[in-house]
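Geometric and topological summary
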Amino acid sequence: MSGAVTISGVPIAGTRRAPRDLTLLLMLPALAILVLLFLVPLVLFFVRTFMEFDGTAAEFISQAQDLLFSQSYMTALGTTNWIALIVTVTVLLIGYPIAYYLTTASGPGVSIVVLSIVLPYFTSIIVRTFSWMVLLGEHGLVNDLLRATGLIDQPLSLMYNRFGVLIGMSYVLLPYMVLTLYAAMRGIDPSLMRAAEGLGASGFYTFRRVYFPLSLHGVLSGALIVYILSIGFFITPALMGGQHDIMIAMLIDRALEVAVDWPSAALMSLTLLAVTLVLYAVYYRITDIRRVIGAR
Amino acid sequence: MAADFAAPETSVPASEGALELRGLTKRYGDETVVNAIAVSIAPGEFFSLLGPSGSGKTTTLMMVAGFVHPDGGAILLDGQDIAFVPPQKRGFGMVFQNYAIFPHLNVFENIAFPLRARHWPKAMVADRVAWALEMVQLGRFADRYARQLSGGQQQRVALARAIVFHPSVVLMDEPLGALDKNLRYEMQVEIKEIQQRLGMTVLYVTHDQEEAMSMSDRIAIMNRGRIDQVGPPGVVYEQPVNPFVGRFLGEANLIEGTMTAGGGDVRLILPTGEALRAPRGNGHDTGPGLLFIRPERVDIAAGTHAAADPRLNTLAGKVRRCSFLGNILRYAVDVDGIAPITIDLQNAVGVSALAQDTPVTLRWPVADSLILPPDPP
């Protein structure tokens, strides 16, 4: 979703300042695909569903209120944001050391880590989710191993609950965090850390007062990307979650596939899109900070 | 002034600032970047490591700073070996090549950084930073960020940050490399004044010989990982021990010939059979050799004059080129049998350039000539 804004947003901002640049024409095919296959169907979807609504505006608003304040929607909204938050924090805590390692280390270890980050990134989400199911199922690898070693008697419930959703989503979203952080950390001048240590700062003090503040915009960018992607997640929670782990995307799917209630689906989609766009706007501002603090 | 600020705690007990390098060596693979160098720097001395890039001067400084582990030798601070003490425990002030100003901290916080890292109380930090800002004349800029400062101002911030905690030793790695010429001169004067006022030991790395000469008490000229010569600027400039040092410290004439000992002097026989003379003294008096003379020591006069004065070396030649360099006129004069001789003439009252191909006589005191061994192969 965010892709539409990036690609159509950047050249427009550019043409305002610079003289008309013919290389912008190179964007045309991408723009055409986005407009034809994404923007037009999206608008049509919203327009059609709302046009088909036969009732007064007041009736429409009250129905919308009923839906958006309904128990199921509110619960899904809470669940979605809670899961997104936990996933974001988890991915940040795991991803930060990995990104730091990638920016500072050298040698064959780096290639192995990059490969194990990037390869899954190019693999279908469904495949990866099923792999986790093989691992975490009641008779999955993890439970079998734990029972074989005698650590547990009964299989642990690692799946079809919140835990499974968090594991699956964190795994899928980790590369986004690592790659974003990596880009930010690459921009940090290593001589600053050397300066800090040369001037008497301990390693921890240097990290706290120099490295981390300079990587902060990467942390915020990465967190926002992961959060934005999380709130729209569907496959992983649908496959690995339990009956209490209904996220908004699943609710939309149900409205379309099960209830065939297009107006409700459209309304929920619209709210999700609005939230995403707001977060994206924040993200866009944060990436600008890079220039402000002189890290770029 | 210094007495007003007693450091509450420092990582190393306050040192005198005597620095000694003993057989310091660093290898990267097969290459010996720093080769058993030995130098002793007195407290309060301004000592420069001067050399071309790749001569090992920066590696030496990084070993003294603690960022590079030596493969051999010792680094003594007031007699204590600190070769394996981590950088933050050495208590040196440091000024880096690209200033390394923290971009997310303003000028005040940048300068306060070494104090805060040492957990100084807030009030003392404020006092001391104000003092350091005063030292570098940046009082009005405390709230600015690096990106809002000119190169010279950033350089001052880096300097203030290095001296704010009163280190006895300050290390500087090509601190003026990025500044333009006028500003560089201004900063040289300022750094030298501050160093003398605070009585700190400075170990200064540069590839700019003018910079090294204008500020240093002593200079070590580094070449291929070794120190070729150590001495006060006047000595290394006037009496280089080899052609490399002679050339590196400025324009130099190195006239090739064959040496023969004769009387009190060493004679250098040119391919044309003419003889030049130099005082005997550094052991070289037979075989191929070079006669070293600085361009400003050579006098140039139009016309041909006989070699009358036995205290002068005399050569006849023809003006090849005269370059106008502002304060000096630089001649290149063709002399039969040897490479062109460079002569620098002060652009003083009444001096006018000689035309190309004018026959000229070159003269310089035998006493200022120096015999050097040829370059090693």
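Residues numbered from 1 in each chain as written. Chains lettered and ligands numbered in written order. Predicted model: local features only at pLDDT ≥ 70, side-chain atom pairs only at ≥ 80, totals over all residues.

Observations concerning the overall build of chain A
Assigned secondary structure in chain A consists of 13 helices and zero strands. Along its sequence from the N terminus, chain A presents helices and strands in the succession α-α-α-α-α-α-α-α-α-α-α-α-α. Out of the 296 residues belonging to chain A, those deemed buried represent 27%. Within chain A, residue pairs in contact and separated by at least 24 positions form 75% of the contacts whose partners lie at least 6 positions apart. (Helix = DSSP H or I, 4+ residues; strand = E, 2+ residues; numbered from the N terminus. Buried ≥ 20, exposed ≤ 12 C-beta atoms within 10 Å, placed from the backbone. Contact = placed C-beta atoms within 7 Å.)

Concerning the pairing of strand β12 (residues 265-269) of chain B
All names here are of chain B. Of the strand pairs in this sheet, β12 and strand β13 (residues 275-279) are connected by five bridges, and their pairing is antiparallel. Across the sheet, the residue bridging to R267 is R277, located in β13. Following β12, the chain reverses through five residues before pairing antiparallel with β13; G273 in that reversal takes a positive phi of roughly 95 degrees. (Pairing = 2+ DSSP bridges.)

So, the environment of Q356 of chain B
Residue and element names in this part refer to chain B. The topology assignment puts Q356 in the loop between β18 (338-346) and β19 (359-365). Accessibility expressed as a C-beta count within 10 Å gives 10 for Q356, which makes it exposed. As for Q356 and R320, which are separated by 36 residues in sequence, their C-alpha atoms are 5.6 Å apart. Contacts of Q356, omitting those with residues within four sequence positions, involve V319 and R321.

A short note on the sheet that holds strand β15 (residues 299-302) of chain B
Residues and elements named next belong to chain B. The strand order across the open sheet built from five strands is β15-β19-β16-β17-β18, with neighbouring strands paired in antiparallel fashion. The two strands at the open ends of the sheet, each matched to only one other strand, are β15 and β18. Here the average twist between neighbouring strands, direction ignored, is 45 degrees. Relative to β19, strand β16 (residues 312-324) is paired through seven bridges, and the arrangement is antiparallel. Bridge pairing in β19 places L312 opposite P365. (Axes fitted to C-alpha atoms, helices over the stretch in contact; angles between N-to-C directions.)

Quick look at the interface of chain A and chain B
Contact residues are listed per partner, giving 17 residues for chain A and 22 residues for chain B. Those elements that provide at least two residues to the side of chain A that touches chain B are α9 (190-198) and α10 (203-231) of chain A. Among the elements that take part in the side of chain A that touches chain B, α9 of chain A stands out by supplying six residues, more than any other. Looking at the side of chain A that touches chain B residue by residue, the class counts come to 10 nonpolar, five polar and two charged. (Nonpolar A, V, L, I, M, F, W, Y, C, P; charged D, E, K, R; others polar.)

Some points on helix α4 (residues 151-163) of chain B
Residues and elements named next belong to chain B. For α4, which comprises 13 residues, the first-to-last C-alpha distance of 19 Å matches the rise-based estimate of 18 Å (1.5 Å per residue) to within 8%. Across the 13 residues that make up α4, a large majority, 10, are buried. Those residues of α4 that fall on the buried side of the exposure criterion are Q154, Q155, R156, V157, A158, L159, A160, R161, A162 and I163. Against β6 (93-95), α2 (107-117), α3 (122-135), β7 (169-173) and α5 (181-198) lie the buried residues of α4. (Expected span 1.5 Å × (residues − 1).)

Brief notes about the confidence of the model for chain A
Residue and element names in this part refer to chain A. Residues of chain A with pLDDT of at least 70 account for 90%, and the chain-wide mean is 84. Note on residues 1-16: pLDDT under 50 across the span, and 20 contacts to partners over four residues away in sequence or across chains. Taken together, the stretch residues 291-296 has pLDDT below 50 and engages in 14 contacts with residues farther than four places along the chain or on a different chain. (pLDDT = per-residue confidence, 0-100.)

So, the sheet that holds β7 of chain B
All names here are of chain B. Here six strands make up an open sheet; going across it, the order is β6-β7-β8-β3-β9-β10 and the pairing mixed. Each edge of the open sheet is held by one strand with a lone partner, namely β6 and β10 (226-231). Direction aside, the axes of adjacent strands within the sheet are offset by 15 degrees on average. With four bridges connecting them, strand β3 (residues 46-50) and strand β9 (residues 218-223) associate as parallel partners. By the bridge assignment for β9, F47 is matched with R218.

Some details on the environment of A18 of chain B
Within the fold, A18 of chain B resides in the segment before β1 (19-28). Not counting residues up to four positions away in its chain, the partners in contact with A18 of chain B are I41, A42, P43 and D78 of chain B.

Points about the domain arrangement of chain A
Residue and element names in this part refer to chain A. If you check the domain split of chain A, you get domain 1 (1-52) and domain 2 (62-292). Taking the mean C-alpha position of each, domain 1 and domain 2 sit 27 Å from one another. Listed as interface residues are seven residues of domain 1 and, on the opposing side, nine residues of domain 2. Listing elements by their share of the side of domain 1 that touches domain 2, those giving two or more residues are α1 (2-17) and α2 (28-51). The element that contributes the greatest number of residues to the side of domain 1 that touches domain 2 is α2, accounting for four residues. Looking at the side of domain 1 that touches domain 2, its residues break down into five nonpolar, two polar and no charged. (Domains from an automatic or database assignment.)

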